[in-house]
Amino acid sequence: MFKKIILLIMLLAVAAFVSGCIDDKTGNNTGNNTVNKTDTIKYEQMPTVNLPSGITFIGVTETYVQIGNSSRKAIEGIYKTDIDDLDVNIDVFNTETPQVLIDEYKSQYKNASYNPFTEISFNDHKATQVIRYRTKNGTQIPIYSVIWTTKDSMIKVGPSTDAKKVINLATATNS
């Protein structure tokens, strides 16, 4: 009898846990998370084969990424590179106003003492290469990302210390 009660409690706990893990698209999220009923994640934008040399696909997950003062829902493709064994991500943010999100992302660099943005193009559309710096052993190391919009999303590839790998992975999205 005692085992049945424990089993029942465990089943109820698992049911409660699973229901809490299911994505809440009702807008009842707390904090600055911005999730709405029209969120759709585009797994097909994550390249998994025919990747650039030195990049290996690891997996895809849903996550929240801080942009400006809010946490944004994204689908994140995770890739391992042969440079220092670092991960490079592809983040896809679905939004009805992708240019507004790009502007919000760029505003994070408003106090930079350098121009962090370089306009580039690939796959027949414009994108922006973003450079930020981190200090390692007293040396400033550039960290690269690439951002661009599609009709209904903003896409960010990076970060990496290798600008070419970031651009090559961005090109592999065919977006």
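Presented here is a report on the structure given in the accompanying data block. Owing to the predicted nature of the structure, the values given are computational and were not obtained by experimental measurement. (Residues numbered from 1 in each chain as written. Predicted model: local features only at pLDDT ≥ 70, side-chain atom pairs only at ≥ 80, totals over all residues. Heavy atoms only, no water.)

1. Digging into the environment of I167
Mapped onto the secondary structure, I167 falls in helix α3 (residues 163–172). By relative accessible area, I167 is classed as partly exposed at 25%. In contact with I167, not counting residues within four places along its chain, are I120, Q129 and V146. (Helix = DSSP H or I, 4+ residues; strand = E, 2+ residues; numbered from the N terminus. Buried < 20%, exposed > 50% of the residue type's maximum accessible area, 1.4 Å probe, protein only. Contact = heavy atoms within 4.5 Å.)

2. Some remarks on α3
Listing the buried residues of α3 in full gives A163, K165, V166, L169, A170 and A172. One side-chain oxygen of the residue at the start of α3 lies 3.0 Å from the amide nitrogen of K164, identifying that residue as D162. Positioned one or two residues after α3, N174 has a phi angle of 55°, which is positive. (Polar contact = N/O pair within 3.5 Å; in protein donor to acceptor, adjacent residues only side chain to side chain.)

3. Looking at the packing of aromatic side chains
Within the structure shown, the criterion is met by 5 aromatic pairs. Summarising the aromatic geometry, the rings of F122 and W148 are spaced 5.0 Å apart at their centres and angled 90° between planes, so their arrangement reads as edge-to-face. Placement of F122 in strand β4 (residues 117–122) and of W148 in strand β6 (residues 139–149) is noted, with a sequence separation of 26 residues between them. By relative accessible area, which is 7% here, F122 ends up buried. W148 sits in the buried class, given a relative accessible area of 1%. Taken together through their ring pairs, the aromatic side chains of Y105, Y109 and F117 make up a single cluster. For the cation-ring pair, K106 lies above F117, with the distance from its terminal atom to the ring centre recorded as 5.4 Å. (Phe/Tyr/Trp six-rings, centres within 6.5 Å; stacked < 30°, edge-to-face > 60°. Lys NZ or Arg CZ within 6 Å of the ring centre and 35° of its normal.)

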